[in-house]
Amino acid sequence: MIGVALIAFNRPTYFKKLIKSLEKQTLEAEYHLFQDGAVNKFSHRLKSNPQLLNEVQDIFDNSKLESKKKHCHQMNVGNAINQFEAVEFMSKNYDRFLVVEDDVILSKDYLRLVNILADQYLKDDVFSVSLNFKRMCKRREIDSNLDKVDYISLHWWAEMWSSEQWHKVRPYFLEYYDLVKNVDYQQRPSEKIKKLFHSSGLMIPQTSQDAGKDYALYKAGMKRINSIVNRGFYIGESGMHFNPHLYQQIGYKYQKPFEFKSDEKLNAFIMR
């Protein structure tokens, strides 16, 4: 059975929508909630209203998901540490697992289809597979691309990894992680991180933990594979990296449809 790691903090409105979409999945899975805490570990300042965190946990506890377990930090350790510990746990307990952030909705066939995609492609130099959240074709081309995939360089919000592939890139990610594990994530040493990235020829301005994974993949010579047509919808209009204007400007508002009747019979993908 596959495992699903849910990365969450203090957004119960988004999280509730994600859980409702997971309750409709056509493939069984074991679910794990990884939630950061309310009080900053490094400054001891309150990072969030604890009631919001409790609401997230209540939604998870009261959900119809049959197999579920919580992993909740007492202190706020930051997104990099929370996600790293989630991946470490999942890689030790599952051969294959999905890492899902809390601000997406998944089609009911998402888990089944991403597992099929993993069967086909999650090996050799492919680090992860995903079913996209922003389609890579015109709207009129959706039907002809429902079974198509391609290589991408960016992460998405619901990627399937394998334990084997994670351990190939883990040593390189630790180079980034060592720079952020003992500091407030919001005050991470950006210049040192950029210097690390640039030293290997990766010229990116971002310093987030997502960028740290991009660096690790770059160093390991690995790729991601993504479907051309999205089977998920990104709802994170307001958050660390988005606001409603940017959300609309980039086009996430216009990614429907993301559920398709024909997906019930889709059993293989092909490279575009």
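Residues numbered from 1 in each chain as written. Predicted model: local features only at pLDDT ≥ 70, side-chain atom pairs only at ≥ 80, totals over all residues. Heavy atoms only, no water.

Re the packing of helix α5 (residues 163–180) against helix α7 (residues 209–220)
Contact pair α5 / α7: the axes reach a minimum separation of 8 Å and the direction vectors enclose 130 degrees. Judged on the interaxial angle alone, α7 and α5 are oblique. The handedness of the crossing between α5 and α7 comes out as right-handed. Only Gln-209, Gly-212, Lys-213, Tyr-215, Ala-216, Leu-217, Lys-219 and Ala-220 of α7 make contact with α5, whose side of the interface consists of Lys-168, Val-169, Tyr-172, Phe-173, Glu-175 and Tyr-176. Its residues assigned to classes, the contact of α5 with α7 comprises eight nonpolar, two polar and four charged. (Axes fitted to C-alpha atoms, helices over the stretch in contact; angles between N-to-C directions. Helix = DSSP H or I, 4+ residues; strand = E, 2+ residues; numbered from the N terminus. Parallel < 35°, antiparallel > 145°, perpendicular 65-115°, else oblique. Left-handed = near helix turned anticlockwise from the far one by under 90°. Contact = heavy atoms within 4.5 Å. Nonpolar A, V, L, I, M, F, W, Y, C, P; charged D, E, K, R; others polar.)

A short note on the sheet that holds strand β2 (residues 29–35)
Spatially, β4-β2-β1-β6-β10-β8-β11-β9-β13 is the arrangement adopted by the nine strands of the open sheet, whose pairing is mixed. Edge positions in the sheet fall to β4 (68–72) and β13 (270–271), since each has one partner strand and no second. Here strand β9 (residues 148–152) pairs with β13 via two bridges, running parallel. By the bridge assignment for β13, Lys-148 is matched with Ile-270. Across the face of the sheet, helix α2 (residues 50–61) comes into contact with β1 (2–8), β2 and β4 while running at roughly 170 degrees to β2. (Pairing = 2+ DSSP bridges.)

Concerning empty space enclosed by the protein
Scanning all chains against the criterion turns up two cavities of 30 Å³ or more. Reported here for the largest cavity is a volume of approximately 50 Å³. Lining the largest cavity are Gln-83, Val-99, Glu-101, His-155, Trp-156, Trp-157, Ala-158, Glu-159, Trp-161 and Lys-213. Those elements giving two or more residues to the lining of the largest cavity turn out to be β6 (96–101) and β10 (158–162). (1 Å grid on protein atoms, 1.4 Å probe; cavity = no way out; pocket = protein on both sides within 12 Å on 5 of 7 lines; lining within 4 Å. Points joined across faces, edges and corners; volume = space filled by probe spheres on them.)

What about the nonpolar core?
If you look at the biggest cluster of nonpolar residues, it comprises 49 residues, and the most contacted ones within it are Leu-6, Phe-15, Tyr-31, Val-129 and Phe-269. The greatest single-element share of this core, amounting to eight residues, is contributed by helix α4 (residues 110–121). In this view, Val-129 contacts Val-114, Leu-117, Ala-118, Tyr-121, Leu-122, Ala-158, Glu-159, Met-160 and Ile-225; residues no more than four positions away in its chain are not counted. (Core = buried A, V, L, I, M, F, W, Y, C linked by side-chain atoms within 4.5 Å. Buried < 20%, exposed > 50% of the residue type's maximum accessible area, 1.4 Å probe, protein only.)

Concerning the layout of surface pockets
Taken as a whole, the largest pocket spans an internal volume of roughly 1300 Å³. Forming the boundary of the largest pocket are 50 residues, of which Asn-79, Glu-101, His-155, Asp-210 and His-241 lie nearest the centre. The residue makeup of the lining of the largest pocket, split by class, is 20 nonpolar, 18 polar and 12 charged. Roughly 240 Å³ of volume is contained in the second largest pocket. As for the second largest pocket, its lining consists of 13 residues, of which Glu-28, Ala-29, Tyr-31, Leu-65 and Glu-66 are closest to the centre. Listed by contribution, the elements that provide at least two residues to the lining of the second largest pocket are α1 (12–23) and β2.

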